[in-house]
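This is what each chain is made of:
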Amino acid sequence: MKIEFLQDWKHQGIDFEKGDVKSFDDATGEFFCKAGIGKDLAGKVNTEIPDPLKPVLLDVQSSNQGEVITNG
């Protein structure tokens, strides 16, 4: 799915600027459209208007870097 970004956005460490056109798998492209930050150039998925009051669910993954801190 080809997406045109409607605003600057950072996704998975990659910066996208307003007007950038990039190809994504359907699920990722649909995510951008439903979030209101992308436009499906084929017109199959509608771009939603962002709702600042809509709750956001974060999928936070715990990690252990195995770091050891010593004093001295």
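Residues numbered from 1 in each chain as written. Predicted model: local features only at pLDDT ≥ 70, side-chain atom pairs only at ≥ 80, totals over all residues. Heavy atoms only, no water.

### Describing the pattern of salt bridges
The test is simple: For salt bridges, the criterion is a side-chain nitrogen of Lys or Arg within 4 Å of an Asp or Glu carboxyl oxygen. For every residue, the accessible area (1.4 Å probe, protein chains only) is compared with the maximum for its type, and the residue is labelled buried under 20%, exposed over 50%, or partly exposed between those bounds. Here a helix means four or more residues in a row that DSSP labels H or I, a strand means two or more in a row labelled E, and each is numbered from the N terminus.
Following the criterion strictly, the structure yields 2 salt bridges and no others. The shortest N-O distance in the salt bridge between Lys10 and Asp15 comes to 3.8 Å. Side by side, Lys10 and Asp15 carry an identical accessibility label, which is exposed. Where Glu30 meets Lys34, a salt bridge forms, and the shortest distance between an N and an O atom there is 3.6 Å. You can see Glu30 and its partner Lys34 sitting in helix 1 (residues 26-34), 4 residues apart, about one turn around the helix. The class of Glu30 is partly exposed, set by a relative accessible area of 34%.

### Some thoughts on the sheet that holds strand 1 (residues 2-5)
Strand-to-strand pairing in sheets goes through backbone hydrogen bonds, with the strands running parallel or antiparallel. Formally: Strands are treated as partners if at least two bridges between them are detected by DSSP. Whenever a helix is involved, its axis is fitted only over the stretch in contact; in every case the axis is a line through C-alpha atoms, and angles between N-to-C directions fall within 0 to 180 degrees.
Here 3 strands make up an open sheet; going across it, the order is 4-1-5 and the pairing antiparallel. Each edge of the open sheet is held by one strand with a lone partner, namely strand 4 (21-23) and strand 5 (38-40). Geometrically, the sheet is characterised by an average inter-axis angle of 35 degrees between neighbouring strands, direction not taken into account. Both strand 1 and strand 5 contribute to a ladder of 3 bridges, which runs antiparallel. Considered in strand 5, the bridge of Glu4 is made with Lys39.

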